Amino acid sequence: MNKKIDKMDTSFKQSAKQFIEQQRLDSEQLAKFEHLLAGHMAEESSTADHLIQTGDVSRPKMRLRSYMALAASLILILTLSLNFYPREPAMSWKIADEVAMNHINMKPLEINAQRIEPIREYFTELDFSVVSSNLFSKQNNLLLGARYCSIQGVSAAQIRYQTDTGNKVTLYEVGYDAKLYGELPKPESGEQALEIYVRGVRVSIWIEKGLLMAEAQSID
């Protein structure tokens, strides 16, 4: 019986370790989770010792009971840990939130144009050349102009359009840095643009022609 319990002991610890690793916790979350779990295990151990000493339950049965309780509480503790200590937002959400804010503020245009050529010539302070997006051009929106903006601290171009119903659409272009922005979909390779809804704005994010592009349009 004891050998069977010891085997369960090892199996439980391995399962718990694998479960935690699958959650991809960062170092701070993992430390807080382990602290919560250690406290819970200490409480179970104290209860077990008391019951064993008073003869209310044998040690093997107590260990079985403890593992069942720990297995059930493992998910609960992890859930509480993640709720109280949420992860840092993903970079794609940071980009979408910043783009949505720029779209909502809709600052005055710095150049008015209905062709991409004069807009491309206007952005002399960018370290990339503004291009026409094949994905975005399928919408056949009317080009209004553009202005400088930034995405995560990097200078970018905000190009403004208008739909046939009069709604404003903003397209953002910035040099793509995988280390800064992370991996993002490339429609040129058959992948679909990432779509995020934030602040009442629909934001689509993708990589095209070596640039990070983000489209923002208020939700009807």
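Trainee: Quick rundown of the nonpolar core? Include the residues and the values.
Mentor: Ranked by size, the top nonpolar core spans 21 residues in total, and within it Ile-119, Phe-123, Leu-126, Val-130, Ile-159, Tyr-161 and Leu-171 carry the most contacts. Where this core is concerned, the elements lending two or more residues are helix H5 (116–122), strand S2 (142–151), strand S3 (154–162), strand S4 (168–175) and strand S7 (211–218). Of all hydrophobic cores here, the second largest spans 20 residues; its members include Ile-95, Ala-96, Ala-100 and Ala-156.

Trainee: Could you give an account of the packing of aromatic side chains, with specific residues and numbers?
Mentor: Applying the stated criterion across every chain yields a total of four aromatic pairs. Consider the rings of Tyr-122 and Phe-123, whose centres lie 5.3 Å apart with planes at 75 degrees: the pair is edge-to-face. By relative accessible area, which is 28% here, Tyr-122 ends up partly exposed. What makes Phe-123 buried here is its relative accessible area of 5%. Each ring, one from Tyr-122 and one from Tyr-148, has its centre 5.7 Å from the other, and the planes form 50 degrees; the classification is tilted. Of this pair, Tyr-122 sits in helix H5 while Tyr-148 is found in strand S2, placing the two residues 26 residues apart along the sequence. Classification of Tyr-148 by relative accessible area gives buried; the value is 19%.

Reading the values: the criteria
Residues numbered from 1 in each chain as written. Predicted model: local features only at pLDDT ≥ 70, side-chain atom pairs only at ≥ 80, totals over all residues. Heavy atoms only, no water. Core = buried A, V, L, I, M, F, W, Y, C linked by side-chain atoms within 4.5 Å. Buried < 20%, exposed > 50% of the residue type's maximum accessible area, 1.4 Å probe, protein only. Helix = DSSP H or I, 4+ residues; strand = E, 2+ residues; numbered from the N terminus. Phe/Tyr/Trp six-rings, centres within 6.5 Å; stacked < 30°, edge-to-face > 60°.

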